[in-house]
Amino acid sequence: MTDHVAPPYPTLRARYEAYLLLEKGLADNTRMAYLADIDRFMQWLPPSIAIETLTLDTFETFLHDLHDLGLAPTSHARILSGLRSFFHFLHTERVIDTDPTLLLRGPKTPRCLPDVLTVDEVDAMIAEIDMTKAEGQRNRAIIETLFDCGLRVSELCDLCISRINFESRYVSVIGKGNKERIVPISEVALDEIKMYLRERNSITAVPGEEDILFLNRRRHRLTRVMVFYIVRDLAFMAGIRKTISPHTLRHSFATALLEGGANLRAIQQMLGHESIATTEIYLHIDNTRLREEIMAHHPRNIKAHRFNQ
């Protein structure tokens, strides 16, 4: 048991936020999500219980309450991750003597395989772009860049013109945690960007965004929501009834690389995944497709199908 009293929660929260920003380098949305989850726990915690006296039982009771509220396993796991991070920080800062979350087990989250698009489906989406509209060429460049480089939507929105090397054919991307990675880009995507730049170069961006590649009508960088609507609407017009978002193009990029023979480590680097375990989901996608191909073309299955007809 600790022999000192911990500072009040608002003080610890401010110190933890500074740690997430300055040492962990987390993006704004991730940082805010972590803080919101910690706030939720502290609001649940009875005021009479001091933070330095918390035990494993306290956290298990909290997680059971979340389960009783019908919280999805993925949300449950995210909150648990935030709690572990916060109390690891408190232990490192010697606010608490031991970290009570070390032995805390979370729910098993189901591994959901994301929808992916074929090259033909991506081409069908591009074919639906109305090139008579001012944003037509911009949207072509957006779809090609997302699919060609496997960017996160936030990375696309923040992509700078100065970070595109047209001669060596690569883009420098600032990803999660403010980490930079180099991603190859094809001649096809570069050509679409070059055609868009003919229009983009005549636009005076708002101050501070002069180097941002993709702009909206108000001369600001695109928002993630705007890119979501562009992708979703084009998929619908192309007759694609899968669950589609900008992230679908990222998944499709990774799946296409794997099917083309790229090794998992290379895909990890292209996607900017910190852990190889995150990239391994694409092995499951590839195996699922392989099974479908076998079931569709194996002579035993073909014979059985003809017999049942």
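Keep in mind that what you see is a predicted model, and the values were worked out from it rather than measured. (Residues numbered from 1 in each chain as written. Predicted model: local features only at pLDDT ≥ 70, side-chain atom pairs only at ≥ 80, totals over all residues. Heavy atoms only, no water.)

Draft legend 1. Region of interest: the overall build of the protein chain. What the protein chain contains, in helices and strands, is 14 helices and three strands. Within the protein chain, the fraction of its 309 residues that count as buried is 39%. Surface accessibility of the protein chain: about 17,900 Å² in total, with carbon and sulfur atoms responsible for 53%. (Helix = DSSP H or I, 4+ residues; strand = E, 2+ residues; numbered from the N terminus. Buried < 20%, exposed > 50% of the residue type's maximum accessible area, 1.4 Å probe, protein only. Areas by Shrake-Rupley, 256 points an atom, 1.4 Å probe, with all protein chains shown as cover.)

Draft legend 2. Quick look at the confidence of the model for the protein chain. A residue-level look at the protein chain finds 84% of positions with pLDDT of 70 or above and a mean pLDDT of 84. In the model, residues 289-295 has pLDDT below 50 throughout and makes five contacts with residues more than four positions away in sequence or in other chains. The low-confidence segment residues 297-307, where pLDDT is below 50, has four contacts with residues more than four positions distant or belonging to other chains. (pLDDT = per-residue confidence, 0-100. Contact = heavy atoms within 4.5 Å.)

Draft legend 3. Up close: unusual backbone geometry. Backbone geometry places Arg 94, a non-glycine residue, at a positive phi of 65°. As for its position among the elements, Arg 94 is in the loop between α4 (73-92) and α5 (119-127).

Draft legend 4. Local environment of the pattern of salt bridges. Tallied over the full model, the rule gives 15 salt bridges. Residues Arg 31 and Asp 28 are paired through a salt bridge, measuring 3.0 Å at the closest nitrogen-oxygen approach. Within this pair, Arg 31 and its partner Asp 28 are both found in helix α2 (residues 28-44), separated by three residues, close to a single helical turn. The class for Arg 31 is buried, based on a relative accessible area of 9%. In this structure, the salt-bridge partner of Lys 194 is Glu 187, at a minimum N-O distance of 3.9 Å. (Salt bridge = Lys/Arg side-chain N within 4 Å of Asp/Glu carboxyl O.)

Draft legend 5. Layout of a nonpolar patch on the surface. A grouping of Val 225, Phe 228 and Tyr 229 is seen on the molecular surface, where their side chains present a nonpolar patch of about 270 Å² in accessible area. Relative to the helices and strands, Phe 228 is located in helix α9 (residues 224-237). Given the relative accessible area of 31%, Phe 228 is considered partly exposed. (Patch = residues over 30% accessible without salt bridge, like charges linked within 9 Å, V, L, I, M, F, W, Y side chains within 5 Å.)

Draft legend 6. Representation of the sheet that holds strand β2 (residues 170-174). What the three strands build is an open sheet, ordered β1-β2-β3; its pairing is antiparallel. The open sheet has two edge strands with one neighbour each: β1 (164-165) and β3 (180-184). As paired elements, β2 and β3 share five bridges and run antiparallel to each other. Residue pairing for β3: Tyr 170 is matched across the bridge by Pro 184. (Pairing = 2+ DSSP bridges.)

Draft legend 7. Just the packing of α5 against helix α6 (residues 136-149), in detail. In contact at an axis separation of 10 Å, α5 and α6 are set at 165° when each is read in the N-to-C sense. On the basis of the axis angle, α5 is roughly antiparallel to α6. The hand of the α5/α6 crossing is right-handed. Within the contact between the two elements, α5 uses Val 119, Val 122, Met 125 and Ile 126 and α6 uses Arg 140, Ile 143, Glu 144 and Phe 147. Class assignment for the residues of the contact of α5 with α6 results in six nonpolar, no polar and two charged. (Axes fitted to C-alpha atoms, helices over the stretch in contact; angles between N-to-C directions. Parallel < 35°, antiparallel > 145°, perpendicular 65-115°, else oblique. Left-handed = near helix turned anticlockwise from the far one by under 90°. Nonpolar A, V, L, I, M, F, W, Y, C, P; charged D, E, K, R; others polar.)

Draft legend 8. Just helix α10 (residues 246-259), in detail. With 14 residues, α10 should cover 20 Å at 1.5 Å per step; its first-to-last C-alpha distance of 20 Å lies within 8% of that length. Positive phi shows up at Gly 261, right after α10, with a value of about 105°. (Expected span 1.5 Å × (residues − 1).)

Draft legend 9. Region of interest: the layout of surface pockets. When its volume is computed, the second largest pocket comes out at roughly 390 Å³. Lining the second largest pocket we find 17 residues, and of these Lys 133, Glu 135, Arg 138, Asn 139 and Ile 230 sit closest to its centre. Residue assignment for the lining of the second largest pocket shows that the elements contributing at least two residues are α6 and α9. Examining the composition of the lining of the second largest pocket, we find that six residues originate from one element, α9, more than from any other. Partitioned by chemical class, the residues of the lining of the second largest pocket number six nonpolar, three polar and eight charged. (1 Å grid on protein atoms, 1.4 Å probe; cavity = no way out; pocket = protein on both sides within 12 Å on 5 of 7 lines; lining within 4 Å. Points joined across faces, edges and corners; volume = space filled by probe spheres on them.)

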